[in-house]
Amino acid sequence: MKLNAGIVTSKLAETKAFYTQTLGFGVTFENEFYLLLHTPGGASELSFLLPEHPSQQPLFHNAFQGQGMYLTIEVDDVDKLYKELQNKGVPIKIDIRDEPWGDRHFAIQDPNGIGIDLVKYSPQGK
């Protein structure tokens, strides 16, 4: 089984620019109403769909309202990415921090209002 989360949004161009230029995602497929992106290395995908598109069933017509969703992206070097995004001028919504359970992370936000938690997980002791 493979999961591909999809977001219905009218901001396809802004979304494509954000994920490709900010986070290094690649474009798997796109047309005038659909955008399928993949993480660097291609392990995961994320899709975006124009609202109210006549090719889609009504279930997939309503646009995401910018609240109640987040993405977590695990990275190898969270400190390096934090510095890179700061240098690009990407607004940091939650500064880099260490959690009591050992994870190190920070957060940004995409053009659709989706919070993106960028994290380096720490192995938990038994």
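An account of the accompanying structure is given in this report. (Residues numbered from 1 in each chain as written. Predicted model: local features only at pLDDT ≥ 70, side-chain atom pairs only at ≥ 80, totals over all residues. Heavy atoms only, no water.)

A few words on the sheet that holds strand β8 (residues 115-120). Spatially, β5-β8-β7-β6 is the arrangement adopted by the four strands of the open sheet, whose pairing is mixed. Looking at which strands have only one partner, the edges of the open sheet turn out to be β5 (70-74) and β6 (94-98). Neighbour-to-neighbour, the strand axes of this sheet turn through a mean angle of 20°, independent of strand direction. For β5 and β8, the ladder comprises five bridges, and the chain directions are parallel. Looking at β8, one finds that I73 is bridged to L118. Contacting β6, β7 (104-109) and β8, helix α2 (residues 78-87) runs over the sheet at an angle of about 30° to β7. (Pairing = 2+ DSSP bridges. Helix = DSSP H or I, 4+ residues; strand = E, 2+ residues; numbered from the N terminus. Axes fitted to C-alpha atoms, helices over the stretch in contact; angles between N-to-C directions. Contact = heavy atoms within 4.5 Å.)

This paragraph deals with α2. Among all positions in α2, only V78, L81, Y82 and L85 are buried. Each buried residue of α2 lies within a common arc of 105° when the element is viewed along its axis, so the set occupies one face. Exposed and facing more than 90 degrees away from the buried side of α2 are K83 and N87. With a side-chain oxygen lying 3.4 Å from the backbone nitrogen of D79, the N-terminal cap of α2 falls on D77. G89 sits one or two residues past α2 and shows a positive phi near 80°. (Buried < 20%, exposed > 50% of the residue type's maximum accessible area, 1.4 Å probe, protein only. Arc of directions from axis to C-beta. Polar contact = N/O pair within 3.5 Å; in protein donor to acceptor, adjacent residues only side chain to side chain.)

Among the structural elements, E45 can be located in strand β4 (residues 45-49). In terms of polar contacts, E45 uses its side chain to reach the side chain of T28, at 3.3 Å. What E45 contacts, discounting residues up to four positions off in sequence, is K2, L3, N4, A5, T28, L36, L37 and H38.

Our focus in this paragraph is unusual backbone geometry. Of note, E52 is a non-glycine position whose phi angle comes to about 60°, a positive value. Topologically, E52 is positioned in the loop between β4 and β5. Residue classification places E52 among the exposed residues on the basis of a relative accessible area of 51%.

All right, on to the sheet that holds strand β2 (residues 26-30) then. Strand pairing in a sheet is mediated by backbone hydrogen bonds. Such pairs are either parallel or antiparallel. Reading across from one edge, β1-β4-β3-β2 is the order of the four strands in this open sheet, with mixed pairing throughout. The open sheet terminates on both sides in strands that have one partner only, identified here as β1 (4-8) and β2. Averaged over all adjacent pairs, the angle separating strand axes in this sheet is 20°, with direction ignored. Here β1 pairs with β4 via five bridges, running parallel. Considered in β4, the bridge of I7 is made with F48.

Moving on: the packing of aromatic side chains. One pass over the structure, following the stated rule, counts five aromatic pairs. Here Y19 and F48 contribute two aromatic rings whose centre-to-centre distance is 5.5 Å and whose plane-to-plane angle is 40°, an arrangement assigned as tilted. Of the two residues, Y19 sits in helix α1 (residues 12-23) while F48 sits in strand β4, which places them 29 residues apart along the sequence. Here Y19 matches F48 in class, with each residue buried. (Phe/Tyr/Trp six-rings, centres within 6.5 Å; stacked < 30°, edge-to-face > 60°.)

Let's shift gears to α1. With 12 residues, α1 should cover 16 Å at 1.5 Å per step; its first-to-last C-alpha distance of 16 Å lies within 8% of that length. Residues of α1 that are buried: L12, T15, F18, Y19, T22 and L23. Mapping the buried residues of α1 onto a view down its axis gives an arc of 145°, with all of them on the same face. Residues of α1 that are exposed and point over 90 degrees away from its buried face: A13 and Q21. Close packing links the buried residues of α1 with β3 (34-38), β4, β5, α2, β7 and β8. Immediately downstream of α1, the backbone of G24 shows phi near 75°, a positive value. (Expected span 1.5 Å × (residues − 1).)

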